[in-house]
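Examination of the molecular architecture
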Amino acid sequence: MCSIIGYKGKSPAAPILVNSLKRMEYRGYDSVGVATLEGGKILVKKGVGNVEKVNSNLAMESMAGHAGVGHTRWATHGAVTDSNAHPHSACNNNIVVVHNGIIENYKELKEGLISSGHVFTSQTDSEVIAHLLEVYYAQFSSVKKAMTETCKKLRGAFAFVAVFNDGTIAGARYEEPLIIGVANGGYFLSSDVLGFIEFTDRAIFLDNRDIAIMDSTKLELFNFEGEAVARPIAQVAWELGAADKGKYAHYTLKEINEQKSTLADAMSQNVDTVEKFCDAIKSAASLYITGSGSSYHAALVAKQVLAKFAKIRVEAVISSEFQYVLESMDSKSVLIAISQSGETADVLNSAKLVKRMGAKILSIVNVPTSSLALQSDHFLLINCGPEIGVAATKSFTGQLAVIYNIINRLCGGCLGADIASQLAAAAEKILAGQENIAKIAAQLKDATDVYILGRSIHYPIALEGALKLKELAYVHAEGIAAGELKHGPLALMEKNTVVILINPHDSTFGDTISNAHEIKARGATVIGISDSKEEIYDYWIEIPRLEQEMLYPIESVMPLQILAYYMALERNANPDYPRNLAKSVTVR
Ligand code: G6P
């Protein structure tokens, strides 16, 4: 998972490439590199660090040339080192490559290349692409033939872009995204629309097994067999590019605060599309719901709310586990796939397997042009705008809002007509209490273990809160179904343990308060996220009371997002770019 960008056009390439990489850094940020072509020579600059750091060390922006490629890396094969950073060159430095994905057969390819005299300078799987291109370019003197022959040799998932020293830029994709940006003065090849949206809103979404070749005058598209293919030019929304921090110190903080308005945006859906989505749910002989990370936690909430209000049974399966439950599905099954990016490899793989069985795919995504949206029978949009912070915040509550909207339709409006404004008002109040949560974060600065407890509908939020603390503040945190306390976790309760209870005044309240006493008796610190102040709490985080108790997850997760954000600051972690993680995990 990484981001790749290529540019060929009238403008100097390097500043454009560096800027594009900054926009796509959410896809990986452990090392960075740029290559440009100038006077028939390929120049490469690369190093460890984020775009800003590497650019200020190496002045990538000032490299000459009107064609080039760039890359931000999230290491899979090979440590985070300068030599493993992309772009990778072949032996004669006549071709360089940037790659996103995993080449599964790289070992055998590498051994073959080494035995015929090729010298490798990195431990990456990606470098084999550069050497293979070199072999076939030398053999056929044709960029097209070099690309088709190389692609046929590769197994796994890949999108790559290569610069040839004759001035050609070429890219290919298989199971990883690659999108062409068609600008007035040139072409882009990018992992994400964000790579070129500043310059053009005209995009060509390449299909699996497509190859694109750009020389100075034209763009040509082929498949791996070398046959010409035609792909339409789509217009993408300019708003996709509206991603800056505004007045906030971090994207994560901005995105948490945007929840005042994003909930209503998520609930405002095209009625026909919701209707079709609901009809497909009703037609399912068996219904499954899947997602990764936060999106899986949204699936767990959906499972409970669907059962309670729509009397529909759905099995929630984490996407990385989905391949192991296929036996219980058939062509009459329906899968609801939830994904902010619509590019998470585990989710896409689940969708692919289900599609092969002839079952339907419904998805809830934030990116309408994503691979998941494009292969779904129907999709609903979260509508929360670009989410740049690696940890999901506004997209998670947006997913929940879409889910409640669907369920409200399925149960004939049983959640009430005005959930959107109720939730927006609740969000407003919670966000106004950030200062109190920041103070609690300062008190918890040195905590080593945090347990978050919740029952019923609050249990998935306990899992989500623990995920936020791990991702942002690097604290060991666990979400626990509160009733399970006595079956093990109680052994861990002692003086330095911190326990957060998700405890609004609903049907779970009494039992959870009993847990609070059991925990307090063992000397642990108790934090209550609740609409009522209880003496047992060492710290109280207030959330507004809601008439409909099944809606609490949307509001109770916000204090946990805020707490994780401020704990990250207290512990000198960068909340936007947690170590070792990436926003869009496009490898399995
Ligand atoms: C990554 C992100 C998480 C996110 C997960 C699923 O791990 O760091 O924040 O929840 O991917 O992403 P998706 O785009 O499929 O919702």
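Just so we're clear, the structure is a prediction, and the values are computed from it rather than from any experiment.

Rules and cut-offs
- Counting of residues starts from 1 at the beginning of each chain's written sequence and follows it residue by residue.
- Residue-level local features of this predicted model are given only where pLDDT is at least 70; pairs of side-chain atoms are given and counted only at 80 or more, and the full residue set underlies all totals for whole chains, interfaces and linings.
- Side-chain figures throughout are based on the complete set of non-hydrogen atoms in the structure, without hydrogens or water.
- Secondary structure elements are defined from DSSP: runs of H or I of at least 4 residues count as helices, runs of E of at least 2 residues count as strands, and each element is numbered from the N terminus.
- Three exposure classes are used, based on accessible area relative to the maximum for each residue type with a 1.4 Å probe and protein chains only: buried under 20%, partly exposed in between, and exposed over 50%.
- Computed by Shrake-Rupley with a 1.4 Å probe, the accessible areas treat only the displayed protein chains as cover when residues are assessed.
- If even one non-hydrogen atom of a residue comes within 4 Å of a molecule or strand, that residue is called near it.
- Here a polar contact is taken to be a pair of N or O atoms separated by no more than 3.5 Å, where protein atoms must pair a possible hydrogen donor with a possible acceptor and residues adjacent in sequence count only if both atoms sit in side chains.
- Both cavities and pockets are sets of points on a 1 Å grid over the protein atoms alone; in a cavity a 1.4 Å probe fits but cannot get out, in a pocket the set is open with protein on both sides within 12 Å along at least five of seven lines, and lining residues sit with an atom within 4 Å of a point.
- Assignment of a molecule to a cavity or pocket requires that more than half of its atoms lie within 2 Å of the corresponding grid points.
- Gly counts as polar in this scheme, as do all residues outside two lists: the nonpolar Ala, Val, Leu, Ile, Met, Phe, Trp, Tyr, Cys and Pro, and the charged Asp, Glu, Lys and Arg.
- Residue count minus one, scaled by 1.5 Å, sets the expected span of a helix.
- Just so you know, the domain bounds were taken from an automatic or database domain assignment.
- Pairs of residues are marked as contacts when any of their non-hydrogen atoms sit within 4.5 Å.
- Summed over both partners, the accessible surface that disappears when two parts come together, traced with a 1.4 Å probe, is what is meant by buried area.
- The salt bridge definition used is simple: a Lys or Arg side-chain nitrogen within 4 Å of an Asp or Glu carboxyl oxygen.
- Any cysteine sulfur atom paired with another within 2.5 Å is treated as part of a disulfide.
- When DSSP locates at least two bridges between a pair of strands, those strands are taken to pair.
- To obtain an axis, a line is fitted to C-alpha atoms, over the contacting stretch when the element is a helix, and the angle between two such axes runs from 0 to 180 degrees between their N-to-C directions.
- Grid points are joined across faces, edges and corners, and a volume is the space filled by probe spheres set on the points.

A closer look at the overall build of the protein
Broken down by element type, the protein carries 17 helices and 24 strands. On the principal axes, the C-alpha backbone points of the protein span a range of 75 × 50 × 45 Å. Within the protein, buried positions represent 61% of all 588 residues. As presented, the protein carries roughly 22,100 Å² of accessible surface, and 48% of it is formed by carbon and sulfur atoms.

Brief notes about the site of the ligand
Around the ligand, the surrounding shell holds 15 residues, and the nearest of these are Ser295, Ser339, Gln340, Ser341 and Thr344. Here an oxygen atom of the ligand and a backbone polar atom of Ser294 are 3.0 Å apart. Taken by itself the ligand offers 390 Å² of open surface, and the protein chains cover 90% of this. Spatially, the ligand is embedded in the second largest pocket. Partitioned by chemical class, the residues of the shell around the ligand number five nonpolar, eight polar and two charged.

Quick look at helix 9 (residues 294-310)
Between the first and last C-alpha of helix 9 there are 23 Å, a value that for 17 residues agrees with the 24 Å anticipated at 1.5 Å per step. Of all 17 residues in helix 9, 13 are buried; the element is thus mostly enclosed.

Overview of the domain arrangement of the protein
Looking at the assigned domains, one finds that the protein contains domain 1 (3-240), domain 2 (247-431) and domain 3 (433-573). The centre of domain 2, based on its C-alpha atoms, is set 25 Å off from the matching centre of domain 3. Counting from both sides, the interface comprises 35 residues of domain 2 and, opposite them, 30 residues of domain 3. Looking at the side of domain 2 facing domain 3, the largest losses of area belong to His297, Gln304 and Ile430, adding up to 21% of the total buried there. The interface formed by domain 2 and domain 3 includes zero salt bridges. Remark: the boundary between domain 2 and domain 3 carries 15 residue pairs in polar contact (both at pLDDT 80 or more). Of all elements in the fold, only helix 6 (251-257), helix 7 (259-267), helix 9, helix 12 (394-410) and helix 13 (419-432) reach the threshold of two or more residues within the side of domain 2 that touches domain 3. Here the residues of the side of domain 2 that touches domain 3 sort into 22 nonpolar, eleven polar and two charged.

Examining the state of the cysteines
Going through the model one piece at a time under the given rule, you end up with one disulfide. Considering cysteine sulfurs only, Cys151 is the nearest to Cys91, which forms no disulfide, with 19 Å between them.

Some remarks on the sheet that holds strand 8 (residues 169-174)
With antiparallel pairing, the six strands of this open sheet are ordered in space as 5-6-7-8-12-13. At either margin of the open sheet sits one strand with a lone partner, and together these are strand 5 (88-89) and strand 13 (219-223). Relative to strand 12 (residues 210-214), strand 8 runs antiparallel, the two sharing five bridges. Across the sheet, residue Arg173 finds its bridge partner in strand 12, namely Asp210. Taken strand by strand, helix 5 (residues 143-153) contacts strand 7 (156-164), strand 8, strand 12 and strand 13, and its axis lies near 160° from that of strand 7.

Things to note about empty space enclosed by the protein
Applying the stated criterion to the full structure yields two cavities of 30 Å³ or more. Computed from the structure, the largest cavity encloses a volume of approximately 80 Å³. Around the largest cavity sit 13 residues that line it, and Cys2, Arg73, Thr76, His86 and Ser126 are the ones nearest its centre. When its residues are assigned to classes, the lining of the largest cavity shows four nonpolar, seven polar and two charged. Size it by volume and the second largest cavity reaches roughly 50 Å³. The wall of the second largest cavity is formed by Ile281, Ile289, Ala302, Leu306, Ile336, Ile403, Ile406 and Ile407. Secondary structure elements with two or more residues in the lining of the second largest cavity: helix 9 and helix 12. Here the lining of the second largest cavity gets three residues from one element, more than from any other, and that element is helix 12. A class-by-class count of the residues in the lining of the second largest cavity yields eight nonpolar, no polar and no charged.

Thoughts on the environment of Trp540
For Trp540, the position within the fold is in strand 24 (residues 539-542). For Trp540 and Ile529, which are eleven residues apart along the polypeptide, the C-alpha to C-alpha distance reads 6.2 Å. If sequence neighbours within four positions are ignored, Trp540 has contacts with Asn436, Ile440, Gly528, Ser530, Asp531, Ser532 and Lys533. There is a polar contact of 3.1 Å between the side chain of Trp540 and the backbone oxygen of Ser530.

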